[in-house]
Amino acid sequence: MCDKHMSFISRRGLLTAAASTLAAASALDIRAEAADAAALPNAISPDAALARLLEGNARYVANAPANKDFSAGRAARSAAQYPIACIVGCADARVAPDFVFDQGPGDLFVVRVAGNFVNTDSLASLEYGVQVLGAPLILVLGHSDCGAVKATIDVLKTNAALPGHLPTLIDAIRPSIDLAEKAPAADPLAEAIAQNVRHNVRRLGQAGPIVAERVAHGQVKIVGGFYDIATGKVALL
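Values in this document were obtained by computation on a predicted structure and should not be read as measured data. All residue numbers here refer to positions counted from 1 along the written sequence of the relevant chain. Per-residue local features are limited, in this predicted model, to residues with pLDDT of at least 70; the limit for side-chain atom pairs, both in listing and counting, is 80 or more; totals at the level of whole chains, interfaces and linings are taken over all residues. Side-chain numbers come from the whole structure's heavy atoms, not from hydrogens or water.

**Q** Go over the pairing of strand E3 (residues 137-143), please, and point to the residues and values.
**A** Of all 7 residues that make up E3, 7 are buried, and the element is covered over most of its length. Because side chains alternate across E3, one face comprises the buried residues Leu137, Leu139, Leu141 and His143, and the other comprises Ile138, Val140 and Gly142, equally buried. Of the strand pairs in this sheet, strand E1 (residues 85-89) and E3 are connected by 3 bridges, and their pairing is parallel. Looking at E3, one finds that Ile87 is bridged to Leu139. As paired strands, E3 and strand E4 (residues 221-227) are joined by 7 bridges and run parallel to one another. Counterpart to Leu139 in the pairing with E4 is Val223. A 1.4 Å probe rolled over the protein chains alone gives each residue an accessible area, and that area as a share of the maximum for its type sets the label: buried under 20%, exposed over 50%, partly exposed in between. Strands here are runs of E lasting at least two residues and helices are runs of H or I lasting at least four, both read from the DSSP assignment and numbered beginning at the N terminus. Strands qualify as paired when DSSP identifies two bridges or more between them.

Take a look at the structure:
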């Protein structure tokens, strides 16, 4: 009986010790992961990321880009990416965020669609950008003379029937046109473009569970911007 009792205690002690060891190892792993995350190239504050974008835009406007060697870091980028910001941009061929903000390959995680609006697919991409890639900033970027917004205004005025899947663009942008009509401006198109940016910034701020949660914890910031094609300058909205 004594031998059996000792054997039972021994087994129980081993199991307890093993569980304690696993718990300690798990805690070490969590701390190590946190330390590794803090050391990542994009482990910066949302405000620091925004400052880098605005500094890059200033260089772009001045035609003094810092990024000239696109082969630098190519081998390292084949293993991982560490974007400092996600950009919700328009598909307009004149708007290229990497150039507009003078950022190098791997610095921006860009989601583009005509009219720079957020739908389910683009939201999933942005969730990947902030949750998996660790981007601390989302910038919704509208631009001057946006054809998608202008077309939406025209279609709503004339009740025109569009072919193919174009009506889906109109449906996505329509809420912003309604908002612009409630705030009459000297330039109705520019106002509608700005309202479209603000509308999608608000939508992203409420987009749970991933984006909204990270915003609530101060890990991600969402801002809107207006890109002037003629001057190259980005103004925050």
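**Q** Talk me through helix H5 (residues 120-132); I want residue IDs and the actual numbers.
**A** Taking 1.5 Å per residue, 13 residues should reach 18 Å; H5 reaches 17 Å between its end C-alpha atoms and fits that length. For H5, every residue scored as buried is listed here: Ser122, Leu123, Leu126, Glu127, Gly129 and Val130. The buried residues of H5 all sit within an arc of 160 degrees when viewed along its axis, so they share a single face. For H5, the exposed residues lying more than 90 degrees away from the buried face are Thr120, Asp121 and Val132. Residues of H5 that are buried sit in contact with E1, strand E2 (108-112), E3, helix H8 (188-205) and helix H9 (210-216). With a side-chain oxygen positioned 3.2 Å from the backbone nitrogen of Asp121, the residue opening H5 is Asn119. Positive phi shows up at Gly134, right after H5, with a value of about 80 degrees. A helix is expected to span 1.5 Å multiplied by its residue count minus one. It is the directions from the helix axis to the C-beta atoms that the arc portrays. A contact between two residues is defined here by any heavy atoms of the two lying within 4.5 Å. Think of a polar contact as two N or O atoms within 3.5 Å of one another; within protein, one of them needs to be a possible hydrogen donor and the other a possible acceptor, and neighboring residues in sequence only count if both atoms come from side chains.

**Q** I'd love a proper account of a nonpolar patch on the surface, names of residues and values included.
**A** A contiguous nonpolar patch, built from Tyr60, Val61, Phe70 and Phe99 and spanning about 380 Å² of accessible area, is present on the exposed surface. By the element assignment, Tyr60 lies in helix H2 (residues 46-61). Judged by relative accessible area, which is 32%, Tyr60 ranks as partly exposed. A patch is a set of surface residues, each over 30% in relative accessible area and not in a salt bridge, joined within 9 Å for like charges and within 5 Å for the nonpolar side chains Val, Leu, Ile, Met, Phe, Trp and Tyr. The Shrake-Rupley method, run with a 1.4 Å probe, gives the accessible areas here. Residue values count only the displayed protein chains as cover. Criterion for a salt bridge: a side-chain nitrogen of Lys or Arg within 4 Å of a carboxyl oxygen of Asp or Glu.

**Q** Summarise the side chain of Asp107; cite the residues concerned and give the values.
**A** Residue placement: Asp107 occurs in the loop between helix H4 (97-100) and E2. Just so you know, the count uses Lys and Arg for positive and Asp and Glu for negative, and it drops His and the chain ends. For the buried Asp107, no salt bridge exists, and the shortest N-O distance to an oppositely charged side chain is 4.5 Å, to Arg52. Ignoring any residue separated from it by four or fewer positions in sequence, one finds Asp107 in contact with Pro83, Ile84 and Ala85.

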